[in-house]
Amino acid sequence: MKIIVTRTYDDMSKEAFRLVKEIVAKKKNACLGLATGSTPLGLYDLLVKDHLDNKTTYKDIKTVNLDEYVGLDKDNINSYAYFMRTNLFDKLDINLSNTFIPNGIASNYEEECNRYNKVLEELIPDIQILGIGSDGHIAFNEPNTPFSSLTHVTSLEESTIKDNSRLFNSIDEVPTKAFTQGIKNIMNAKQIVILASGKNKQNAVYNMIKGNVNESCPASVLQLHPNCIAIIDEDAAKLIM
Ligand code: GLP
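Residues numbered from 1 in each chain as written. Predicted model: local features only at pLDDT ≥ 70, side-chain atom pairs only at ≥ 80, totals over all residues. Heavy atoms only, no water.

> Whenever I open this one, helix H1 (residues 9-26) confuses me. Can you help?
Counting along an α-helix, one turn takes 3.6 residues, and residues three or four places apart therefore face a common direction. With 18 residues, H1 ought to run about 26 Å at 1.5 Å a step, and its terminal C-alpha atoms sit 26 Å apart, in line with that. If you follow the buried residues of H1, they end up packed against strand S1 (2-6), strand S2 (31-34), helix H2 (41-54), strand S6 (127-130), strand S9 (192-196) and strand S10 (228-233). A side-chain oxygen of the first residue of H1 lies 3.4 Å from the backbone nitrogen of Asp 10; this N-cap is Thr 8. (Helix = DSSP H or I, 4+ residues; strand = E, 2+ residues; numbered from the N terminus. Expected span 1.5 Å × (residues − 1). Contact = heavy atoms within 4.5 Å. Polar contact = N/O pair within 3.5 Å; in protein donor to acceptor, adjacent residues only side chain to side chain.)

> Any chance you could explain the packing of aromatic side chains here in plain terms?
Centre distance and the angle of the planes are the two values used to describe a pair of aromatic rings. The final tally for this structure, using the stated rule, is 5 aromatic pairs. Look at Tyr 80 and Phe 140: their rings are 5.9 Å apart centre to centre, the planes differ by 10°, and that puts the pair in the stacked class. Within this pair, whereas Tyr 80 is found in helix H3 (residues 80-87), its partner Phe 140 is found in the loop between S6 and strand S7 (152-155), the two being separated by 60 residues in sequence. On the basis of relative accessibility, which here comes to 9%, the residue Tyr 80 falls in the buried class. For Phe 140, a relative accessible area of 1% gives the class buried. Ring geometry for Tyr 109 and Phe 179: centres 5.6 Å apart, planes at 85°, overall edge-to-face. (Phe/Tyr/Trp six-rings, centres within 6.5 Å; stacked < 30°, edge-to-face > 60°. Buried < 20%, exposed > 50% of the residue type's maximum accessible area, 1.4 Å probe, protein only.)

> Got a minute to help me understand the confidence of the model for the protein in this structure?
When pLDDT is averaged along the protein, the result is 98, and 100% of the positions lie at 70 or above. Looking across the protein, the model is least confident in helix H5 (residues 158-164), with a mean pLDDT of 94, and most confident in S9, with 99. (pLDDT = per-residue confidence, 0-100.)

> What exactly am I supposed to notice about the site of the ligand here?
Close contacts around the ligand come from 13 residues, with Ser 38, Thr 39, Asp 67, Arg 166 and Lys 201 the closest. Measuring from an oxygen atom of the ligand, one finds a backbone N or O atom of Ile 132 at 3.4 Å. Residue Asn 164 places a side-chain N or O atom 3.3 Å away from an oxygen atom belonging to the ligand. Protein burial of the ligand: of its 390 Å² of free accessible surface, 94% is covered by the chains. Of the pockets mapped on this structure, the ligand occupies the largest pocket. Looking at the shell around the ligand, its residues break down into 4 nonpolar, 6 polar and 3 charged. (Near = heavy atom within 4 Å. Areas by Shrake-Rupley, 256 points an atom, 1.4 Å probe, with all protein chains shown as cover. 1 Å grid on protein atoms, 1.4 Å probe; cavity = no way out; pocket = protein on both sides within 12 Å on 5 of 7 lines; lining within 4 Å. Sits in = over half its atoms within 2 Å of the grid points. Nonpolar A, V, L, I, M, F, W, Y, C, P; charged D, E, K, R; others polar.)

> Looking at this structure, I do not really get a nonpolar patch on the surface. What am I missing?
Where nonpolar side chains cluster on the molecular surface, the patch consists of Met 1, Ile 3, Val 5 and Met 241 and spans about 350 Å² of accessible area. For Met 241, the location among the structural elements is in the segment after helix H8 (234-237). What makes Met 241 exposed here is its relative accessible area of 64%. (Patch = residues over 30% accessible without salt bridge, like charges linked within 9 Å, V, L, I, M, F, W, Y side chains within 5 Å. Salt bridge = Lys/Arg side-chain N within 4 Å of Asp/Glu carboxyl O.)

Quick look at the structure:
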């Protein structure tokens, strides 16, 4: 794993932007693996700015997202589908039919997971953007999820519900389950870029980089990926320096 420590959140976003832009500029029909959460928002803003300033086009770009809350439909303001549209897709010239995300209101979980795994067999990300949970989760693969996992429905840890509750009106509104790509799906990407910012990610970053490769820290699996870059701001990197 290559590690880049940046002074600030903005510098982290700029490093990530450079890597995504390189791919989008060189491969018009590239596949981008995308993440939600606060961490990639700076990167998404830079992609939008670049699209407006330099006319970088996303006409033939495809995207696959990592996860979605169970029970939230695509127009619910807390759904990840809504997050992606409002923070990125609606601001680019991307064709929404080229963007893929699990369907949060699918009633047959198994069928939806199989459908999404088929999507992921066809669409291998040229670059996968990841954030990290304070407990070391990637997508919604919580500690002790098997490294061999494919798309599945998972129960969220208390700490994840608490962390993510800041985006909801109250903690009781946070769904307790989510559809998530499995760790095996994520590891299929040709390149992985994991972003981490802020003091509350220090332990997770330490375990991801310095810890043993172990299912107790899902992000530690990235040590095994042949082309993974961690871009971490100084606040998140304190324990690895
Ligand atoms: C959620 C998402 C993850 C994300 C994590 C961290 O749990 N499922 O993909 O990495 O939050 O979010 P944030 O970037 O807001 O800290």
